[in-house]
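Topology and contacts: notes
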Amino acid sequence: MQIGWCTINCRFNQEEGVGDTHNSYAYDGNRVRKWNVTTTNYGKAWAAGDIVSCLIDLDAGALSFCLNGVSLGTAFENLSRGPGTAYFPAISLSFKESVAFNFGSRPLRYPVAGYRPLQDPPRADLVRAQRLLGCFRAVLSVELDPVEGRLLEKESSEWQVQGQPTVLLTLAHIFQRFAPLLRLYRFSPIVPDLSLQIHHLRLTVAILRHDKSRKFLLSSVLFDALRSAVFFHIKSPLRVEEAGLQQLIPTTWWPPHPGKEGKDSKEVKEETAEERLRRRAYERGCQRLKKRIEVVEELQVQILKLLLNNKDENGNIPLLCPPEYMVCFLHRLISALRCYWDEYKASNPHASVSEEAYVPPQVFYNGKVDYFDQQRLGGLLSHLRKTLKDDLASKANILIDPLELQAATMDDLDEDQEPSPAAAQRPVQALAIGGALPLPRPGWLSSPTLGRANRFLSTAAVTLMTPRRPLSASEKVKVRTLSAEQRTREDIEGGPWNEGLLLGRPPEEPEQPLTENSLLEVLDGAVMMYNLSVHQQLGKMVGVSDDVNEYAMALRNTEDKLRRCPKRRKDILEELTKSQKVFSEKLDHLSRRLAWVHATVYSQEKMSDIYWLLRVCLRTIEHADRTGPLFAFTPEFYLNVAINSYSALKNYFGPVHSMEELPGYEETLTRLAAILAKHFADTRIVGTDIRDSLMQALASYVCYPHSLRAVERIPEEQRIAMVRSLLAPYEQRPWAQTNWILVRLWKGCGFGYRYTRLPHLLKIKPEDANLPSLQKPCPSILLQQHMADLLRQDPDVAPSFLNSVLNQLNWAFSEFIGMIQEIQQAVERLERNFVDTRQLKVCATCFDLSVSLLRVLEMTITLVPEVFLDSTQPTSEMLLQRLAQLLNQVLNRVTAERNLFDRVVTLWLPGLESVDHYPILVAVTGILVRLLVHGPASGTEKATSVLLADPCFQLRSIRYLLGHPEPPGPGAAPPAPDRKRFSLQSYTDYISSEELAQVEQMLAHLTSASAQAAAASLPTSEEDLCPICYAHPISAVFQPCGHKSCKACINQHLMNNKDCFFCKATIESVEDWRAGGASNTSSAA
């Protein structure tokens, strides 16, 4: 933003603005510079809400600026002057920037002596207004004696209208002359001063209680000049002195910053007596602020309840509103909605209370509500009506209008096409409580769908009508989608033999209505509003708390330096003292702002509103799920709001308020867990984004003990179905989150897998204890048992699942090795170059995926070792051979002396912090220990023979785990004595002595077995070796083509492909083959 002055000869465009041409001058507080073709440093940085005064002195030919009344000095001199030269205010704005000008029509906030505003104050109108106000006060100070007919003096504060025609007619004449003077008066009820806002709101309530005045304001003022949304906003003050926060909260305090290990740190310092007094004084100030804000909120709810009465019959089109208004408005809407809902319940015993509110599923498919471009769980609405028309007819007695089915063309799939005539006539919907004139969509509106968030309020409002009879006819009803302007009241409220909004009730739903139909639509719109704007705004407010923590840490560090600084260094002491003062002042300001945010956004009452909305979504999803295929009509945003509102309750409202304090907390967690467990793999949900959101939500859910226990409380059949979905093959679906869920169920049980953070990251990377990946291990033995039962009992689950895991492990580790080769080559080039940060991130991701896949294999081997070691299972040998091959590949790449992996780890590249020896080697060690130490004797022998038979096996890799040096080869230089070697024995805080003993036992076993295998091995001619791997003798022949390989290669190949390696013919069977001729043993491909 550049603001200043220009002449009429300046020509601006997209590239050149104010200050970029010869006769234009500008000040930019964002970049702290002044501009006139060239640019130099000038002034101070500005912030949102600051006031800039632009001063021009044509007598001296000078131009200067002030920021919040403080002069920034002369910016430009020797301005061009003379005949034909005039200067005009000018500004250049970037996208989403806005500014309000005051040329003198209102009193200047910071007038400057010697300068006049461009616009003179309306003195004549001010004189008239003062005289009329004097007449008004004079009328209020007298009353007419009804007996004697003479005027009597009266206290104006006690004046009331008592039906005196003379007084009322006199006041009417006064207002008739006073009203034109108010047209140019800029009034806004959003002010930082709460006492003034309370006064404005009380006056508004009094006016709106008068029916004729309310109707006039709705049609002429509230949705045109003022926009009613402003009445429901409580503006966060940019300067605490404007809101009187210094008087309400004279003592400031800020919470101590958590230790390095987050919330569970035991190194929290005890609170001193002085800190305790400050905290209590601060809390008392916060309570005073909260009580003042509660008065404002109660008045806003009263205004909303008055406006929600749709008897005013105002059908104008609503206006758009800024997204920051949405948070406050949603809370007022929920308060008013619940109040009217419970009032309806009081007069209708068969209705439900607001605590049991939900949106019936028929609202989503009967066409009474137009959801615009909001996606459905099953895809496009036109597609659903085509494919599910039979279900609509059988379950809901609904026939889709044939004209709508014919109109569903390929245009529905192309969002870039020109809108249809019907869509072009549809007005842009937005926030309103009645109506307004249609206006073009403002550019500052961030979301293209935000304007539609409250389209329900244009027609759906509280109307206390007489009860109606539900539809009892058995014939089917033909429906079509109605836009907001096409609907009538009967479409919502219904009538005789017409259920209105509840048309098409499925048999699973109760016959008695929950509440008034219009309230259901308001509830539906409130959920949509949270999805489109409110959740995003809630997340932005958390930044104030983060700023407090950062400045508090900076202040503590500065105070520590002051204590350590020598007294002789006065220059350093002076700078540190200045820094201490700056940080203290900033913390005083931020702590008061934090109190404001906690009172207006993150209070206990606001938390209860979001919690109620979460429970509404859960009940709505549960009822929609019972409709079977019709569940696909449910808008996606119901699942999004259920996920996001839980996330907001867990992350945004703490640590001041906790979810555990909410009523029914455990039950709500369990119901949400059941929804996530059932629908993350629901075939009725087709949207990629919503499926990913469900998967990520479930992955986060199992990271925390309280939510993981909720998953364990859902019914057993749902738990088993969830685990079965997790064990589906990884191909052709997003598998990374699935694998992450399985890893979290295992973390805490694996070999050396009890850490919260990796050992090498404790000192080099700051910790955010709220991240799901950094939560303490909380394994689920119950879900592990379900996994073991499924792998053990279903003969098809284990081979397909493990084969897919091995495939993905092979891919992820190969990609990781290829990327670190490229990184190493880039680093070794002589010319200066930079490694792409995206490449580093992908490289680290492949490494993390490799580790997590290895952990899933470790869990599988621990729970169901017979899948790999039981010779009676046809796929066990093939799976074991593939596993051994991959384990040897990983060990060889990671444990080689001065190899590629070792060199990249020592570079400490940003983005590769998680790449280290420990995570991947302990995962491999865990698998080997389970195979070679914990297994039965027969299984251990089988695993040992397969591992040693792999040509990539090297005993030195096993020795590397315990820090044993590799024997130097002939003529090789001995290793440097000061070189630090990796050893599991160095991680005694993470690996127990029992686990180290098992590794020693494994090493001794493999040393002995490898010596015996070397002595007993016989040489094999090259002609008898498998032409695929050149590691094993030929042992199988393919039919009908007759080509040969070893069994390991062909079995692995047949898991994914049925074509021959060599001729691509379809393999029908595989027969055993020996060097003397083929045997009769065969197996079907």
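This text follows the structure it describes.
This text gives an overview of the structure that appears in the document. The shown structure was predicted, so the numbers you read here are calculated from the model rather than taken from an experiment.

**Observations regarding the sheet that holds strand 7 (residues 70-76)**
- The three strands lie next to each other as 5-6-7, forming an open sheet whose pairing is antiparallel. Strands at the two margins of the open sheet, each flanked by one partner only, are strand 5 (52-57) and strand 7. Direction aside, neighbouring strands of the sheet carry axes that sit 25° apart on average.
- Relative to strand 6 (residues 62-67), strand 5 runs antiparallel, the two sharing six bridges. Bridging across to strand 6, Ile56 finds its partner in Leu63.

**Some details on the nonpolar core**
- Judged by nonpolar contacts, the single largest core of 236 residues is most densely connected at Leu742, Phe801, Phe816 and Met1002.
- Broken down by element, this core gets its largest block of residues, 17 residues, from helix 14 (residues 517-564).
- In this structure, Tyr27, Trp46, Phe76 and Tyr87 belong to the second largest nonpolar core, which totals 15 residues.

**Some details on the pattern of salt bridges**
- Inspection of the entire model under this criterion finds 24 salt bridges.
- A salt bridge links Asp120 to Arg116, with the nearest nitrogen and oxygen atoms 2.9 Å apart.
- Judged by relative accessible area, Asp120 falls into the partly exposed class, the value being 40%.
- A residue is classified by how much of its surface remains accessible, and Arg116, at 67% relative accessible area, is exposed.
- Residue Arg671 is joined to Glu667 by a salt bridge in which the shortest nitrogen-to-oxygen separation is 3.5 Å. In this pair, Arg671 and Glu667 are both assigned in helix 18 (residues 665-679), four residues apart and thus about one turn of the helix distant.
- On the basis of relative accessibility, which here comes to 17%, the residue Arg671 falls in the buried class.

**Looking at the packing of helix 24 (residues 797-828) against helix 27 (residues 876-895)**
- Relative orientation of the contacting elements helix 24 and helix 27 amounts to 20°, with a least axis distance of 11 Å. What the angle tells us is that helix 24 and helix 27 run roughly parallel. Crossing geometry of helix 24 relative to helix 27 is assigned as left-handed. On helix 27, the residues touching Pro799, Leu802, Asn803, Leu806, Asn807, Leu809, Asn810, Phe813, Ser814, Ile817 and Gln821 of helix 24 are Leu879, Arg882, Leu883, Leu886, Gln889, Val890, Arg893 and Val894.
- Split into classes, the residues belonging to the contact of helix 24 with helix 27 amount to 11 nonpolar, six polar and two charged.

**Looking at helix 23 (residues 781-793)**
- For helix 23, spanning 13 residues, the distance from its first C-alpha to its last is 18 Å, which sits close to the expected 18 Å at 1.5 Å a residue.
- Along helix 23, the residues that are buried comprise Leu783, Gln784, His786, Met787, Ala788, Leu790 and Leu791.
- Packing partners of the buried residues in helix 23 comprise helix 20 (705-713), helix 21 (716-726), helix 22 (736-746), helix 24, helix 25 (837-863) and helix 26 (866-869).

**Some words on a nonpolar patch on the surface**
- A cluster of nonpolar residues, Leu93, Val99, Phe101, Phe103 and Leu118, forms a patch on the protein surface that exposes about 430 Å² of accessible area.
- With respect to the helices and strands, the residue Phe103 is situated in the loop between strand 8 (87-92) and helix 1 (123-140).
- Residue classification places Phe103 among the partly exposed residues on the basis of a relative accessible area of 35%.

So, how was this worked out
- Residues numbered from 1 in each chain as written.
- Predicted model: local features only at pLDDT ≥ 70, side-chain atom pairs only at ≥ 80, totals over all residues.
- Heavy atoms only, no water.
- Pairing = 2+ DSSP bridges.
- Helix = DSSP H or I, 4+ residues; strand = E, 2+ residues; numbered from the N terminus.
- Axes fitted to C-alpha atoms, helices over the stretch in contact; angles between N-to-C directions.
- Core = buried A, V, L, I, M, F, W, Y, C linked by side-chain atoms within 4.5 Å.
- Buried < 20%, exposed > 50% of the residue type's maximum accessible area, 1.4 Å probe, protein only.
- Salt bridge = Lys/Arg side-chain N within 4 Å of Asp/Glu carboxyl O.
- Parallel < 35°, antiparallel > 145°, perpendicular 65-115°, else oblique.
- Left-handed = near helix turned anticlockwise from the far one by under 90°.
- Contact = heavy atoms within 4.5 Å.
- Nonpolar A, V, L, I, M, F, W, Y, C, P; charged D, E, K, R; others polar.
- Expected span 1.5 Å × (residues − 1).
- Patch = residues over 30% accessible without salt bridge, like charges linked within 9 Å, V, L, I, M, F, W, Y side chains within 5 Å.
- Areas by Shrake-Rupley, 256 points an atom, 1.4 Å probe, with all protein chains shown as cover.

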